Amino acid sequence: MFERTMARRPKEKRADFVEKDNVIIHGVDISGHWNRMHSPREITSYDLSHLEQVTAVPGAESMGWCYQCAKCIGVCPVDNVGNYGPRKLFRLLQTGYDLINSPELWECTTCANCLRVCPKQVDMIKIMPALRAKAVMDGTAPNELQDMFKNASEYGNPMGESPRKRFRWTKDLPEDVAVKDLSKTPEEVDVLWFVGDYYAFHARGNDAAKAMARVFNRLGVNFGTLGNEEWTDGDSQRLAGEPGLFEMMAEHNIEQFSKQTFGKIVTSGPHALNALKNEYPRLGGQYNVEHYTQFLNHHLADLKKLLKNPFPHKVTFHDPCYLGRHNGEYDAPRALLGAVPGLKLNEMYRCKEQGYCCGGGGGGMWLDGFMADHVNMRLSENRVREAVSTGAEVLAVCCPYEVSRFEDAVKSSGNEGKLRVMDIIEILDQSMGG
Ligand code: SF4
Ligand code: SF4
């Protein structure tokens, strides 16, 4: 037997092994002649310098663990509209591709769907920020991202808005809808509401912010905000490769929080939730923090009494990656929608753990122009088509990036008039009387 012959050979003579032309064991031909069509067989003679360069970056080590099973490809939202995914990136690196200086470095949205299915824990959520930080240092980040970083650094928000205008959205609220600016008049509150950039500065975000203010007031929540002293949460900057900028934003917010007395922080957005809950603690900011859907779900009994007006529409819900896969919350938004009289929820096929990314995470919010050159359809357009296919009239969201993002995609995908995009808080507010 072949194995016995091997066993009898002294170890030091192993180097003398030669491939045999024919090896038959138990009648089975294992000679592997089908692999010898070309000679020599190329297996490890690639230029691995770029793969080694990547796996040497702290945080990006797991890129080298991929064993090419391809489970990640079927779930990658970018591959769904292009040609992407960890398996493909690994293979490119293995064949000498310079990932750190390539467009592929910026296409991942850090949605975590590949990590969910990867048997080897290849972790794009750590790999991408680590490699991008290197590219940002080298000055090779796309221009849109460099503008966004500059805005955050100069104004405390990625949109380049004057920080003095952050609290302006409250100006035309009626007197009975009070929103406290604790930075001007500190007082003890139960809830410190972290409003976020899109709620504060974007016109459609303003609508949701006002709806939140009305809902909190009707519920009798004792809440306040940081007013103009709130800065962006920093998570998008961190994931896009600017850890120093993230720390600058976080340290400012932590300092502002330290001046206030509050029970918990409630965020409008999942990205702020992720930053405050999972990233601020390593900088000394440890808080009881909830997304607004979680907070309201904990007050569901009181909320239900206020939801008087029917909302007689078919609704589908888009799970934000950073509320769902990153922070494990799938039930709270659905519980709120389920409490609205007349509302019928039609789930999309790709929902909950399998939710499809809108394309806005990991810095993607600022890369639509860049992505247009690398994918055949925006991720948000792909998602809108799926939402329309459920027969829904309303696409409900609970991430401040998504209202404007999906409204654009409704228009660009030719679905204007077929689908309205609403923040869940707007639906609740409407059911309470608007
Ligand atoms: S699922 Fe993981 S191990 Fe499999 S191909 Fe993708 S990255 Fe590699
Ligand atoms: S994190 Fe999401 S976008 Fe990035 S490679 Fe994985 S599945 Fe694709």
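Residues numbered from 1 in each chain as written. Chains lettered and ligands numbered in written order. Predicted model: local features only at pLDDT ≥ 70, side-chain atom pairs only at ≥ 80, totals over all residues.

Notes on the overall build of the protein chain
- From N to C terminus, the protein chain includes 20 helices and 11 strands.
- Structurally, the protein chain occupies a C-alpha span of about 90 × 45 × 40 Å along its principal axes.
- Out of the 434 residues in the protein chain, the part that is buried amounts to 46%.
- Nonlocal contacts in the protein chain, meaning residues at least 24 apart in sequence, comprise 78% of its contacts between residues at least 6 apart. (Helix = DSSP H or I, 4+ residues; strand = E, 2+ residues; numbered from the N terminus. Buried ≥ 20, exposed ≤ 12 C-beta atoms within 10 Å, placed from the backbone. Contact = placed C-beta atoms within 7 Å.)

Topic: helix α19 (residues 402-412)
- Every buried residue belonging to α19 is among Glu402, Val403, Arg405, Phe406, Ala409 and Val410, and all of these are buried. With its buried residues spanning 165° around the axis, α19 presents them on a single face.
- In this structure, the buried side of α19 is in contact with α10 (203-219), α18 (379-389), β10 (394-397) and β11 (420-423).
- Downstream of α19 by a residue or two, Gly414 has a phi angle that is positive, lying close to 75°. (Arc of directions from axis to C-beta.)

A closer look at the environment of Ile425
- Positionally, Ile425 belongs in helix α20 (residues 424-432).
- Taking the C-alpha atoms as reference, Ile425 lies 30 Å from Asn80; in sequence the two are 345 residues apart.
- Once residues lying within four places of it in the same chain are set aside, the contact partners of Ile425 are Ala208, Ala211, Met212, Val215 and Tyr292.

Focus on the site of ligand 2
- Neighbouring ligand 2 are 15 residues, the closest being Cys76, Cys108, Cys111, Cys114 and Met124.
- Elements supplying a minimum of two residues to the shell around ligand 2: α4 (77-80) and α6 (113-117).
- Split into classes, the residues belonging to the shell around ligand 2 amount to 11 nonpolar, 4 polar and no charged. (Near = placed C-beta within 6 Å. Nonpolar A, V, L, I, M, F, W, Y, C, P; charged D, E, K, R; others polar.)

Details of the sheet that holds strand β6 (residues 262-267)
- Ordered by their spatial adjacency, 5 strands build an open sheet running β3-β5-β4-β6-β7, and the pairing between neighbours is parallel. Each end of this open sheet is capped by a strand with a single partner; those strands are β3 (180-181) and β7 (289-291).
- Taken together, the 2 bridges between strand β4 (residues 189-194) and strand β5 (residues 223-225) define a ladder with parallel strand orientation. Note on β5: the bridge partner recorded for Leu192 is Gly224.
- In the packing of helix α13 (residues 270-279) onto the sheet, the strands contacted are β4, β6 and β7, and the crossing angle to β7 comes to about 165°. (Pairing = 2+ DSSP bridges. Axes fitted to C-alpha atoms, helices over the stretch in contact; angles between N-to-C directions.)

With respect to the confidence of the model for the protein chain
- Per-residue pLDDT for the protein chain has a mean of 93; in total, 93% of the residues score no lower than 70.
- Confidence drops under a pLDDT of 50 for residues 1-15, and excluding neighbours within four residues, the segment shows 3 contacts in the predicted structure. (pLDDT = per-residue confidence, 0-100.)

Side note on the site of ligand 1
- Around ligand 1 there are 15 residues in total, and Cys66, Cys69, Cys72, Arg87 and Cys118 lie nearest to it.
- Looking at the shell around ligand 1, the elements with two or more residues in it are α3 (71-75) and α5 (86-94).
- Examining the composition of the shell around ligand 1, we find that 3 residues originate from one element, α5, more than from any other.
- Of the residues in the shell around ligand 1, the class split is 11 nonpolar, 1 polar and 3 charged.

Section: the environment of Ile254
- Mapped onto the secondary structure, Ile254 falls in helix α12 (residues 243-258).
- Judged by the 18 C-beta atoms lying within 10 Å of it, Ile254 falls in the partly exposed class.
- Separated by 13 residues in sequence, Ile254 and Gly241 place their C-alpha atoms 21 Å apart.
- Discounting residues that sit within four places of it in the chain, Ile254 has contacts with Tyr280, Leu283, Gly284 and Gly285.

As for the packing of α10 against α20
- Orientation of α10 relative to α20, taken along the N-to-C sense of each, is 50°, at an axis distance of 8 Å. Considering the angle they form, α10 stands oblique to α20. Note on packing geometry: the crossing formed by α10 with α20 is left-handed. Of the residues in α20, those in contact with Asp207, Ala208, Ala211, Met212, Arg214, Val215 and Arg218 of α10 are Ile425, Glu426, Leu428, Asp429 and Met432.
- Looking at side-chain class alone, the contact of α10 with α20 contains 7 nonpolar, no polar and 5 charged residues. (Parallel < 35°, antiparallel > 145°, perpendicular 65-115°, else oblique. Left-handed = near helix turned anticlockwise from the far one by under 90°.)

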